[in-house]
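Below are the chains, spelled out letter by letter.
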Amino acid sequence: MVYTLFVVEIISAFVLAATLLYRYGDCYRNHILVTVSVLTAWYFSFVIMFLLPLDVTSTVYRQCLEDNSTIAIAERAVINNVSSTTTPPIVPCQEPWSYVHKEVFTNLWRVVYWTSQCLTWLIMPMMQSYSKAGDFTVKGKLKSALVDNAIYYGSYLLICGILLIYIALKPGVSLDGAKIKAIASSASNTWGLFLLILLLGYALVEVPRNLWNNSKKNYTLTYSYFKIAKLSTDKCEAEETVDDILDSLSAITAAVGPGHPLHRHVETIVQKLPVQLRDRMTSRPPPERPASPSLKSLVNLHKKTIKALHVLQRTETQWGLSLERIFHLEDVASNQRLPDRRFQHFFPTPRPKLQRILYPPILEWYWECFLKQYFLKGMAIITGIMSVAVVWSEMTFFCKKPVLSVFANVVIAAGETYNYAAIVTISTVVIAYMFYCAYSTVLKIRLLNLYYLAPHHQTNEYSLIFSGMMVCRLTPAMCLNFLSLIHMDSHVIKERVMETSYTQIMGHMDVLGIIAEGFNIYFPMLVVLLCLATYLSLGSRVLTLCGFQQFVGDDELTTDLVDEGREIVKREKRKRQRAEESMSRRRDYSERFTKYRTNRDTNDGEYYAGPDRSSAAVPDYERAEMPYNRSDLTLEDEIEHRFGDSALPTVRTEYDGRRDKMTMPPRGLFDDV
């Protein structure tokens, strides 16, 4: 019973990591190494988030025991006339219901932290570079991955080398294994803190503002029109890039025949293409005099193909999700004027019976048209208060007397009254909110537009690996920063307090005074300047002036993009509507034809309609009609046949085995050698 909550937290972290990986990734398609690595990275990061509050409560209890021990020693000194100082009374310490021994946390943090660091700095970067390499052998891919990471890690090792030389030459300081390990972990955490503050400076303002704006239906719909207009440009560029690659592959395929030494490498590139792109390539006329390629040019083409297919898949996934969101927002706007208060979809989709019972159209109308906007406004107010508390605590956490940090005051007050449940709750909420703010911002940065997490199994392997890397790099620094906010890091507040097991494993940068006494304390204060710049939308205005159009309200170009997006949605809606009407007519014809044939066979007895009926017994006119009597066709098949893939909804609610669409990630990222 002592470790019940500890075990529950560990299991909950695994369930959460596995659920998110199943929702965003495709376990049936992704390589097993990618799945295991990403699951481990997410799981260990969630373990830190879930168990750190338990480490805090256990440390508060041990601190109470140590204080009582000090008071008892002082009382014995007074009794023995050694000291005349009056001592406060001993208050019995209450053991928290979530108490875990220090040795358990020490061993756990050591395994979790160093495994995460190996994943984020060594294994996953190599996997990412390996998957993007265009070589055709394992040796060539590993060489390209090493070269790709050599510049980045070379600069990192150069900085570490300079620091080690500085420490070695510093008088009175000796280097040993423990200090070198502390330098490595502190250098990684300092890098993570730098990135964390930059991300928080944007997200602490943008998260509440987005929630508030989402409560305004007209604003959300207008902004969605603007986004899909910009996304249309990205989608066209991605399709043009793929067309150029198809032209190159068509020429190379004509030059490299089955007996050519490079034929198997060309086939490797061609097999990366989805079926429809492959058919489009083979239908193109070959050039008159194709030139034979070299191995180096094939490697470069292979690398470009992988990247182009990845970008195309990302843009088409975003395109489908954006269309579904806009269709829903337009449904909400039109249903607000309905008098019967029953929500009606322009494109109705079949729903499970349980969902129809628990979420009927009347309840859906009240939620979407009335209650949801108040819920979002309430969440915006709550997150706004949380953001103000985080910014204030970041600016004042180094001040010990008086205690100005909001979270430090809460933890200290709860510890004095032994309210361990409050400590666990507030710690979990604050860490989760900081984690969401930091990580949700990473995927919105335009420079990182190559990566995108899409639900319904639409996320490719590159984005999954990138997410695992960023989670492992941000989580340790974020948790150390949180411990500073609640005054449980003695090397920050310069007062002797008992530290958590997590802090002891992370180590401190005491050997470098400029980082221990400068960067780690004063750099988090810059978050207020970043929040102010985000609140005034300075970044969006600067990007607009530089030619990168942002949503800035009444700007003329913004208005033009909104109008363009509205026309795009109208066109896509007409495509979907015509496809549904055609499908409906085909189904009606199928039902009438089946009924007519059944009645004819029953009345005349001319044809045997049993299971042994052969195709030879079917009349010619009936065989001619049978290709159109396709009751098994789905709406996606109809839209694909009539209008192409751009009108296909890319969201799949469950794994249906249809993995040959252009909207799916390219196959064989690790098994093409």
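Residues numbered from 1 in each chain as written. Predicted model: local features only at pLDDT ≥ 70, side-chain atom pairs only at ≥ 80, totals over all residues. Heavy atoms only, no water.

Trainee: Quick question: what am I supposed to make of a nonpolar patch on the surface here?
Mentor: Taken together, the side chains of Ile362, Tyr366, Trp367, Phe370, Leu371, Tyr374, Phe375, Met379 and Ile382 make up a nonpolar region of the molecular surface, amounting to roughly 820 Å² of accessible area. Turning to its location among the elements, Phe375 is positioned in helix H11 (residues 361–396). The exposure class assigned to Phe375 is partly exposed, which follows from its relative accessible area of 44%. (Patch = residues over 30% accessible without salt bridge, like charges linked within 9 Å, V, L, I, M, F, W, Y side chains within 5 Å. Areas by Shrake-Rupley, 256 points an atom, 1.4 Å probe, with all protein chains shown as cover. Salt bridge = Lys/Arg side-chain N within 4 Å of Asp/Glu carboxyl O. Helix = DSSP H or I, 4+ residues; strand = E, 2+ residues; numbered from the N terminus. Buried < 20%, exposed > 50% of the residue type's maximum accessible area, 1.4 Å probe, protein only.)

Trainee: Could you clarify how one ought to interpret the packing of aromatic side chains in this entry?
Mentor: Given two aromatic rings, one states the distance between the centres and the angle between the planes to describe the pair. The final tally for this structure, using the stated rule, is 18 aromatic pairs. Where Trp109 meets Tyr502, the ring centres are 5.3 Å apart and the plane angle is 85°; that geometry is what we call edge-to-face. Taken together, the positions of Trp109 in helix H3 (residues 102–132) and Tyr502 in helix H16 (residues 501–506) put the pair 393 residues apart, joining distant regions of the chain. Given the relative accessible area of 0%, Tyr502 is considered buried. Residues Tyr219 and Tyr223 carry aromatic rings whose centres are separated by 6.4 Å and whose planes lie at 15° to one another, so their mutual orientation is stacked. Taken together, the residues span about one helical turn, with Tyr219 and Tyr223 both in helix H6 (residues 217–255) at a distance of four residues. By relative accessible area, Tyr219 is classed as partly exposed at 30%. These aromatic residues form a ring-pair network of at least three members: Phe6, Phe105, Trp109 and Tyr502. (Phe/Tyr/Trp six-rings, centres within 6.5 Å; stacked < 30°, edge-to-face > 60°.)

Trainee: For this particular structure, what's the right way to read the UniProt feature "transmembrane region" (unreviewed entry) in the protein?
Mentor: Residues given the UniProt feature "transmembrane region" (unreviewed entry) here are residues 6–25, 32–52, 150–169, 189–207, 374–398, 418–443, 464–486 and 519–538. Taken as a whole, residues 6–25 contains 95% helix and 0% strand, while its terminal C-alpha atoms sit 28 Å from one another. Spanning residues 32–52, this segment combines 100% helix with 0% strand, and its end C-alpha atoms are found 30 Å apart. (UniProt positions renumbered as here; feature names shortened; annotations may be inferred.)

Trainee: Sorry, what's going on with the side chain of Asn481 here?
Mentor: Tracing the sequence through the fold places Asn481 in helix H14 (residues 461–485). Residue classification places Asn481 among the buried residues on the basis of a relative accessible area of 4%. Setting aside anything within four residues of it in sequence, one finds Asn481 in contact with Leu193, Leu196, Glu394, Met434 and Pro524. (Contact = heavy atoms within 4.5 Å.)

Trainee: In this structure, what is going on with the state of the cysteines? I would like to understand it.
Mentor: In a disulfide, the sulfur atoms of two cysteines are covalently bonded to one another. Counted according to the given criterion, the structure contains one disulfide. Sulfur-sulfur distance for the disulfide between Cys64 and Cys93 comes to 1.9 Å. Looking down the S-S bond of the Cys64 and Cys93 bridge, the torsion is -90°, so its handedness is left-handed. You can see Cys64 sitting in helix H2 (residues 32–79) and its partner Cys93 sitting in the loop between H2 and H3, a full 29 residues away along the chain. When sorted by exposure, Cys64 lands in the same class as Cys93, which is buried. (Disulfide = S-S within 2.5 Å.)

Trainee: Please clarify how the nonpolar core should be interpreted in this entry.
Mentor: Nonpolar side chains in soluble globular proteins tend to end up buried together. The biggest cluster of nonpolar side chains holds 90 residues, and the ones touching the most others in it are Leu204 and Tyr502. At 17 residues, H2 tops the list of elements feeding residues into this core. Aside from chain neighbours lying at most four places away, what touches Tyr502 is Ile48, Leu52, Asp55, Trp109, Thr475, Pro476, Cys479, Leu480 and Leu483. Membership of the second largest hydrophobic core comes to 21 residues, among which are Ala238, Val242, Leu277 and Met281. (Core = buried A, V, L, I, M, F, W, Y, C linked by side-chain atoms within 4.5 Å.)

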